[in-house]
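Here's the letter readout for the chains.
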Amino acid sequence: MPIGRPKKPLVLTEEERVKLEQWARRPKTAQRLALRSRLVLRCAGGLSNQTVAGQLRITRATVCKWRERFRTARLQGLADEPRPGAPREITDAQVEDLITRTLESTPPQATPWSTRSMARATKLSRATISRIWRAFGLQPQRSETFKLSSDPFFLGKVRDLVGLYLNPPDHAVVLCLDEKSQVQALDRTRPLLPLRPGVPEHQTHDYIRHGTTSLFAALEVATGKIIGKCQRRHRSQEFLKFLEEVDRQLPACAAVHLVLDNYGTHKTPKVKRWFARHSRYHLHFTPTSASWLNQLERFFAELTQRRLRRGTFTHVRQLEQAIHDYLDHHNRDPRPFVWTATANTILKPLRILQCSEALVCILHGSASGL
């Protein structure tokens, strides 16, 4: 004969069964409610508490708890009870006022809001303001810059360059060519203090200039190899000398696709005549104010970070030797940059930004009309 206390019957109405089955089918959201719904449906089907616990991999006490909660409070009993703790002091209206002030106004005689200035304006604590800002992802202390290209052929050039990177032509060489101009040979006014345990490397913030040089470089996109040469001046004459050097190092029969920016030395009559005589070169210009599309800029950033920024040079020749040594070291084991962004990925934020600018203009016009 059965032992223990007899279970009170659990009978569902048709509406309750439909609702419980709907909650139980939730694949991701509110899994606690879905588990409790499956539990009640099994109990209503006549299964014992022990059997339901084994099927759902929960304890028998959990089954008894939610079975009784549903029997006494029905569907409302499956929801969580209010959590213990102090009552909420900040109202929704205060939160809305804080967010509106942050987004649509500035403090008197200042540009960005701070926790102190906002606390004085809203009579809330600095900790509360900081917590609300973090919850809504607001950072009024930060400001970033952007630059929109004014090139009328921006879209076409982006698609051309991205297509060249992602699907380069067969039996051809793709080169990114650029100059890192005015590289300064800087020496510190005091000797460098080396790295020690617990103490970072120190160098003086002031420096002595010993001249400048310009690095002409070409990056082979497929292999990552760099062809580079330092020149004291940055003119079309030096650019033509570098083009001759590049032409000597490339296979004689291969077509060459050059990625260039719009600097004036790339478009002088002498340079145009040189390219006319060398018909295997096909030029691809980056859009105005969009030199980041040239992969060589990424290599220049690495050169600056790893070799130049913390270096000390007492003469231009020493600087040029350091640059050439870095290029030789890189070419012993070159690794190409992997371009992954498609043209649509690049252009999507631009469309969003243009829509935002149009909305701001409309709002300003409406405000002026009022």
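Above: the structure in question.
Residues numbered from 1 in each chain as written. Predicted model: local features only at pLDDT ≥ 70, side-chain atom pairs only at ≥ 80, totals over all residues. Heavy atoms only, no water.

Some details on the overall build of the protein
Then comes step 1: Across its full length, the protein holds 13 helices and 5 strands.
Then comes step 2: Rg of the C-alpha trace for the protein: 34 Å, well past the compact-globule value of 21 Å for 370 residues, more than 25% over.
Then comes step 3: Counting only C-alpha atoms, the protein reaches 100 × 65 × 60 Å along its principal axes.
Then comes step 4: The proportion of buried residues among the 370 residues of the protein is 36%. (Helix = DSSP H or I, 4+ residues; strand = E, 2+ residues; numbered from the N terminus. Rg over C-alpha atoms; globule rule 2.2 N^0.38 Å. Buried < 20%, exposed > 50% of the residue type's maximum accessible area, 1.4 Å probe, protein only.)

Describing the packing of aromatic side chains
For any pair of aromatic rings, geometry is given as the distance between the ring centres together with the angle between the planes.
Then comes step 1: By the definition in use, this model includes 6 aromatic pairs.
Then comes step 2: Judged by centre distance (6.1 Å) and plane angle (45°), the rings of Phe216 and Phe242 are tilted. In this pair, Phe216 is assigned in strand β2 (residues 207–220) and Phe242 in helix α9 (residues 236–249), connecting sequence segments 26 residues apart.
Then comes step 3: Joined through ring pairs, the aromatic side chains of Trp274, Phe275 and Tyr281 make up one cluster.
Then comes step 4: In this structure, Lys267 packs its charged tip against the face of Phe285, placed 4.9 Å from the ring centre. (Phe/Tyr/Trp six-rings, centres within 6.5 Å; stacked < 30°, edge-to-face > 60°. Lys NZ or Arg CZ within 6 Å of the ring centre and 35° of its normal.)

Regarding the nonpolar core
Then comes step 1: Counting residues in each nonpolar core, the largest one holds 35 residues, and the members touching the most others are Val158, Leu215, Leu296 and Ile323.
Then comes step 2: Looking at this core, the elements that each hand over two or more residues are α8 (154–166), β1 (172–188), β2, β3 (226–231), α11 (296–308), α12 (316–332) and α13 (343–369).
Then comes step 3: Val173, Leu240, Phe242 and Leu250 belong to the second largest nonpolar core, which has 20 residues in total. (Core = buried A, V, L, I, M, F, W, Y, C linked by side-chain atoms within 4.5 Å.)

Structural notes on the packing of helix α3 (residues 49–56) against helix α4 (residues 60–73)
Then comes step 1: Axis separation between α3 and α4 bottoms out at 8 Å; the angle between their running directions is 115°. Comparing their axes, α4 and α3 come out roughly perpendicular. Every pair of crossing elements has a handedness; the one defined by α3 and α4 is right-handed. The residues of α4 that touch α3, namely those facing Asn49, Gln50, Val52 and Ala53, are Arg60, Val63, Cys64 and Arg67.
Then comes step 2: Its residues placed into classes, the contact of α3 with α4 shows 4 nonpolar, 2 polar and 2 charged. (Axes fitted to C-alpha atoms, helices over the stretch in contact; angles between N-to-C directions. Parallel < 35°, antiparallel > 145°, perpendicular 65-115°, else oblique. Left-handed = near helix turned anticlockwise from the far one by under 90°. Contact = heavy atoms within 4.5 Å. Nonpolar A, V, L, I, M, F, W, Y, C, P; charged D, E, K, R; others polar.)

Concerning the side chain of Gln231
Then comes step 1: Among the secondary structure elements, Gln231 is positioned in strand β3.
Then comes step 2: In contact with Gln231, not counting residues within four places along its chain, are Thr213, Ser214, Phe216 and Glu238.

Concerning unusual backbone geometry
Working note: non-glycine residues mostly have negative phi, and peptide bonds are mostly trans.
Then comes step 1: One non-glycine residue, Arg74, adopts positive backbone phi at about 60°.
Then comes step 2: Here Arg74 is to be found in the loop between α4 and α5 (92–104).
Then comes step 3: With a relative accessible area of 24%, Arg74 lands in the partly exposed category.
Then comes step 4: Positive phi values are uncommon outside glycine, yet Lys123 reaches one of about 65°.
Then comes step 5: One can find Lys123 in the loop between α6 (115–122) and α7 (126–135).

Just distances and angles here, no functional claims.
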